[in-house]
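Structure assessment
Here is how the chains run, residue by residue.
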Amino acid sequence: MNPDTTLASPSNRWHLLRCLAVAVCMVLPITTSALAKEKITWGVPHAAPNQIVDGPDKGQGIRDQIQLLLQERLVRFEHQTVVATFPRIQNEMKRGDLWCFVGSPRSPALEEFAAFSIPAQVSLPRRIIVKRKDLARFAAFGALSMEALLADGSMQTSYGRGVSFGPGIETLLTKFQPRVHADDTDALRMLLAGRIDYLYVFPVFAVYTAKQLGHEGELVGLPFAEMTDAVLGRVMCPNSELGRQVIREVDIILKEARPKARYRQIMELWQDEEGVREIRRLYDTKFLIAE
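The rules behind each value
- Residues numbered from 1 in each chain as written.
- Predicted model: local features only at pLDDT ≥ 70, side-chain atom pairs only at ≥ 80, totals over all residues.
- Heavy atoms only, no water.
- Helix = DSSP H or I, 4+ residues; strand = E, 2+ residues; numbered from the N terminus.
- Buried < 20%, exposed > 50% of the residue type's maximum accessible area, 1.4 Å probe, protein only.
- Contact = heavy atoms within 4.5 Å.
- Areas by Shrake-Rupley, 256 points an atom, 1.4 Å probe, with all protein chains shown as cover.
- Pairing = 2+ DSSP bridges.
- Axes fitted to C-alpha atoms, helices over the stretch in contact; angles between N-to-C directions.
- Parallel < 35°, antiparallel > 145°, perpendicular 65-115°, else oblique.
- Left-handed = near helix turned anticlockwise from the far one by under 90°.
- Nonpolar A, V, L, I, M, F, W, Y, C, P; charged D, E, K, R; others polar.
- Disulfide = S-S within 2.5 Å.
- Salt bridge = Lys/Arg side-chain N within 4 Å of Asp/Glu carboxyl O.
- 1 Å grid on protein atoms, 1.4 Å probe; cavity = no way out; pocket = protein on both sides within 12 Å on 5 of 7 lines; lining within 4 Å.
- Points joined across faces, edges and corners; volume = space filled by probe spheres on them.

1. Notes on the overall build of the protein chain
- Along its length, the protein chain carries 13 helices and 10 strands.
- Within the span of the protein chain, comprising 291 residues, buried residues form 44% of the whole.
- Long-range pairs, those at least 24 residues apart, make up 72% of the contacts in the protein chain between residues at least 6 apart in sequence.
- About 15600 Å² of surface is accessible on the protein chain, with carbon and sulfur atoms providing 56% of the total.

2. Thoughts on the sheet that holds strand 4 (residues 114–123)
- Strand order in the open sheet made by the 5 strands is 2-1-3-10-4, with mixed pairing throughout. Strand pairing shows two members of the sheet lacking a second neighbour, strand 2 (77–83) and strand 4, which therefore form its edges. Each strand of the sheet is rotated relative to its neighbour by a mean of 25°, with strand direction disregarded.
- Bridge analysis of strand 4 against strand 10 (residues 231–238) gives 7 bridges, and the strand direction is antiparallel. Within strand 10, the position partnered with Ala-115 by the bridge is Cys-237.
- Sitting on the sheet, helix 3 (residues 62–73) is in contact with strand 1 (38–44), strand 2, strand 3 (99–104), strand 4 and strand 10, with an inclination near 130° to strand 3.

3. Here's the deal with the packing of helix 3 against helix 11 (residues 241–257)
- Helix 11 packs onto helix 3 with a crossing angle of 115° between their chain directions and a minimal axis gap of 10 Å. One way to sum up the angle between helix 3 and helix 11 is to call them roughly perpendicular. Regarding helix 3 and helix 11, the two cross each other, and that crossing is right-handed. The residues of helix 11 that touch helix 3, namely those facing Leu-69, Leu-70 and Arg-73, are Val-250, Ile-253, Leu-254, Glu-256 and Ala-257.
- A per-class count over the contact of helix 3 with helix 11 returns 6 nonpolar, no polar and 2 charged.

4. Remarks on the state of the cysteines
- Here the structure, examined in full by the defined rule, presents 1 disulfide.
- Here Cys-100 pairs with Cys-237 through a disulfide, and the sulfurs are 2.1 Å apart. In this structure the cystine formed by Cys-100 and Cys-237 twists about its S-S bond by roughly 115°; its chirality is therefore right-handed. Of this pair, Cys-100 sits in strand 3 while Cys-237 sits in strand 10; the two residues are 137 residues apart in sequence, bridging distant segments of the chain. In this pair, the class of Cys-100 matches that of Cys-237, namely buried.

5. Digging into the pattern of salt bridges
- The tally for this structure, following the rule as stated, stands at 20 salt bridges.
- Residues Arg-262 and Glu-72 are paired through a salt bridge, measuring 3.0 Å at the closest nitrogen-oxygen approach. Here the residue Arg-262 occupies a position in helix 12 (residues 261–267), and Glu-72 occupies one in helix 3, the gap between them amounting to 190 residues.
- Look at Arg-262 and you get partly exposed, because its relative accessible area is 34%.
- Under the relative-accessibility criterion, Glu-72 is labelled partly exposed at 41%.
- Here Arg-127 makes a salt bridge to Glu-278, at a shortest N to O gap of 3.9 Å. In this pair, Arg-127 is assigned in strand 5 (residues 127–131) and Glu-278 in helix 13 (residues 273–287), connecting sequence segments 151 residues apart.
- Several salt bridges converge on common partners, so that one network encompasses Arg-88, Glu-92, Arg-95 and Asp-97.

6. Points about the layout of surface pockets
- In this structure, the second largest pocket occupies an estimated 380 Å³ of space.
- Of all the secondary-structure elements, those providing two or more residues to the lining of the second largest pocket are strand 5, helix 10 (203–212), strand 9 (219–222) and helix 13.
- Residue contributions to the lining of the second largest pocket peak at 7 residues, all from helix 10.
- Classifying every residue of the lining of the second largest pocket by side-chain character gives 11 nonpolar, 5 polar and 7 charged.

Shown next, in the form of structure tokens:
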């Protein structure tokens, strides 16, 4: 029998096609899996003007713009953004899912389950926020201190429930027990309305929110004795092999991007004139040299 004739018969050709189809089906999932990109889920809480999740300024927050820059360069990953509270973001990381967050300070508690990049953001520390027209009242204290203000029964304040202020401030809050609020924006409304006398929040938040509420320029941030240093925020991902790999790539991107004009401009977003001056001072003297 002619082998060429046997091979060319319709039944044999059909058998060969079936074998080829089976082989392709076996290889295709492996190939597709190998080519599929890992996906980073970026958790974004309501935290204007760091993260602005709605309204006309949506996506224009400081951390929003850092995240955008990273996504542009982390091309081997797919990216999705999910609006979520910080506790949820932490829980997703604890499960080992590839969730990342821009702007968290490093702490021993977070390092139990998260890996951190070099600094990605420099922020001015929380200050005592007062109405500009009330400056004379606070000048009467001389060298301002949080302890003196809390001890003065004529000065009313409120602080955020569940917010970490650091051990020094938290000791004072425990000692004097001022009122507590659930939402900083609501508390800022209380300050503007004269129902409280001062707040302890980040100045960039006060500047941005006052402007949104139609009170631009009416608030001022005061330094005080117990004030902490500038805050260095980092990119935070799960402390897994893949999470650490993302952080290594983020570090490479940040080292290249941070000295450039685009990144400097991101740090100055939503600051008032004093805030811009302070950020520029801290940028080279603290931010770029910190590890």
